[in-house]
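Coordinate inspection notes
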Amino acid sequence: MNTSNSTQTPATGSPPVAASLSNAFVKFGAFTAIEDFTLDVDSGSFYTILGPSGCGKSTLLRLVSDLVPAASGEVVIFGKSTEEARLAREFAFVFQDAALLPWRTALQNVELPLEMGKKRGVKIPISDKSPVELLELVGLKGRENALPHELSGGMRQRVAIARALVCKPKLLLMDEPFGALDEMTRDHLNLQLLNIWHETGVTILFVTHSIPEAVFLGQKVLMLQSHPGRLREVVDIDLPYPREIKLRDTPEFTKYAAYLRELLETC
Amino acid sequence: MSVISSDDIEETIQIEQRKAERNQKIEAIGIPLVTLLMLLLLWQFGVRVFEVPGYIAPAPSDVAVTFVEKFPVLLENFWPTLYESVFGFFAGNLAAIFIAVAFVHNRTVEKAFFPLAVFINTIPILAIAPILVLIFGAGLTAKVVIAGMICFFPTLVNMVRGLQSVSPQSLELARILSASKTEIFWKIRLPSSLPFLFSALKIAATTCVIGAIVGEWVGADLGLGALIIDSTFNFRASLLYATVFMSSGLSVLLFVAVSIVEKLVIRW
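It should be emphasised that the depicted structure is a prediction, and the values quoted were computed from it without experimental measurement.

So, the packing of helix α9 (residues 224–233) of chain B against helix α10 (residues 237–265) of chain B
Residues and elements named next belong to chain B. Running from N to C, α9 and α10 cross one another at 160°; their axes reach a closest spacing of 9 Å. As summarised for this structure, α9 and α10 are arranged roughly antiparallel, according to the angle between their axes. Our pair here, α9 against α10, has a crossing hand that is left-handed. Contacts from Leu224, Leu227, Ile228, Ser231 and Thr232 of α9 reach α10 at Leu239, Leu240, Thr243, Met246, Ser247 and Leu250. The class makeup of the residues in the contact of α9 with α10 is seven nonpolar, four polar and no charged.

Right, here's the structure in full:
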């Protein structure tokens, strides 16, 4: 695959597996949201997650990010438990609706992670890039002092991405981050995200309900199945990076999309 | 990239919307103002045409003349009511804010005291005012307590709702950042509650004046409430009307003050 992903600093000595789930179950009362989930996510990779609604896509990200506990089985993030990984800021989360604090400017929102969780005795990693530079990286130079309501939906989501990067996460969990955006904005942000992935070497788990988006971004597409949510198939997307929008018009791309659509219909 | 232009379009739309909002604001002020002037004119002519005696219903022009002539008296009675209202406003709202924080942090405290707060709120302020005057005497304290009590309940309810109004995703974000309860309170809960708090404070800004005036009715020599009672019993109708305008002017003054602070604090 792309060699750029090896640019991650070797000093951290991170194992080649970013996240490892073995026989993980998530239950809400009697309801089983995720059943017997086993998966290794390679460090530095970009996986997209597809599946019918109610298949546990979001729950899977919440399991990895220590927001919901595993009923049984094990989840290991860079060799740590999910709680340890959370305290060490190994991962960051990007929500569907940006989740910016409306009274904080774009810059102050990006700085929020640096102000919180300081008293937990675990050193918070800080990105080599300053919050201002991160806003520049996501294309928001000059809008540092804008309040969220003064920004468009796409801009807000970009602030959320900059905020996620401020603690130099090794794993980025994205829950349908571009789901509410128009197609042009979404295309633009997809390209920008691939650039960020390329530049930072971060591992990305990206939930989406758009088949083209899943194929366009991911090295692998995890197809989930519902009732109960479980892994149906891992589809390797063997398309070269850097990817451009016109890739969508190639027969290879269409072939993958058609295959996934068929798979989704039988889920 | 074509996306930049879509951002631009969105901003242009926002500017257009702001223009439309401004026009609406001008209409929102202009229309009621014209209505008010028409009603005053109607009143003026009504009183003159039907020759209503001045001690029953004075003409607006008489009230205006009294307002100017008696302005020193009105002002002398204005200050005590202002102090009582403002002190009551701060006392009642601060108490409500602290109790709301306690309620949100501890469900048991809420269960123990919320029914009591509801009960106190159901007692008509006119009924409880004499009790408070008996307890605190005829001085400033009783009026401040009455003004504070009338502010208390709306602020308590709104503040509790405000502190609980945090979006689930903000709380998930805080959890991912391993934020402590204190950090969540100061950086997320308290700021999210401010719009709720200010809508309660705007109610309180007008009701605290009512509280102070009711307190003065029960026992006071000075204050707009005392002046209302005095001018009523002496059939000085135009002074009564002037005092009523002075009182509503005080409410408006406090309301505007709170609104200005709100504009400065809440920019989102």
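Having seen the model, we can carry on.
A short note on helix α8 (residues 251–265) of chain A
Residues and elements named next belong to chain A. With 15 residues, α8 should cover 21 Å at 1.5 Å per step; its first-to-last C-alpha distance of 21 Å lies within 8% of that length. Among the residues of α8, Phe253, Tyr256, Ala257, Leu260 and Leu263 are the ones counted as buried. Each buried residue of α8 sits inside an arc of 125° when the element is viewed along its axis, so together they form one side. Residues of α8 that are exposed and point over 90 degrees away from its buried face: Pro251, Lys255, Glu262 and Glu265.

Digging into the environment of Leu74 of chain B
Residues and elements named next belong to chain B. Counting through the fold element by element, Leu74 comes out in helix α3 (residues 71–105). With relative accessibility at 0%, the residue Leu74 sits in the buried group. Note: C-alpha distance between Leu74 and Val118 (44 residues apart in sequence) is 36 Å. Sequence-distant contacts of Leu74, that is, excluding residues within four places in its chain, are made with Phe67, Leu224, Leu227, Leu239, Ala242, Thr243 and Met246.

Description of the interface of chain A and chain B
Taken together, the contacts link 36 residues of chain A with 26 residues of chain B. Summed over both partners, the interface of chain A with chain B buries about 3,000 Å², with 59% contributed by carbon and sulfur atoms. The interface formed by chain A and chain B holds three salt bridges in total. Put simply, Arg175 of chain B and Asp66 of chain A hold a salt bridge, and the shortest N to O gap is 3.5 Å. Here chain A is connected to chain B by six residue pairs in polar contact (both at pLDDT 80 or more). Of all the secondary-structure elements, those providing two or more residues to the side of chain A that touches chain B are α2 (82–87), β6 (91–94), α3 (106–115), α5 (153–165) and α6 (183–200) of chain A. Counting residues per element, the side of chain A that touches chain B draws most heavily on α5 of chain A, which supplies four residues.

The rules we used
- Residues numbered from 1 in each chain as written.
- Chains lettered and ligands numbered in written order.
- Predicted model: local features only at pLDDT ≥ 70, side-chain atom pairs only at ≥ 80, totals over all residues.
- Heavy atoms only, no water.
- Axes fitted to C-alpha atoms, helices over the stretch in contact; angles between N-to-C directions.
- Helix = DSSP H or I, 4+ residues; strand = E, 2+ residues; numbered from the N terminus.
- Parallel < 35°, antiparallel > 145°, perpendicular 65-115°, else oblique.
- Left-handed = near helix turned anticlockwise from the far one by under 90°.
- Contact = heavy atoms within 4.5 Å.
- Nonpolar A, V, L, I, M, F, W, Y, C, P; charged D, E, K, R; others polar.
- Expected span 1.5 Å × (residues − 1).
- Buried < 20%, exposed > 50% of the residue type's maximum accessible area, 1.4 Å probe, protein only.
- Arc of directions from axis to C-beta.
- Buried area = accessible area lost by both parts, 1.4 Å probe.
- Salt bridge = Lys/Arg side-chain N within 4 Å of Asp/Glu carboxyl O.
- Polar contact = N/O pair within 3.5 Å; in protein donor to acceptor, adjacent residues only side chain to side chain.

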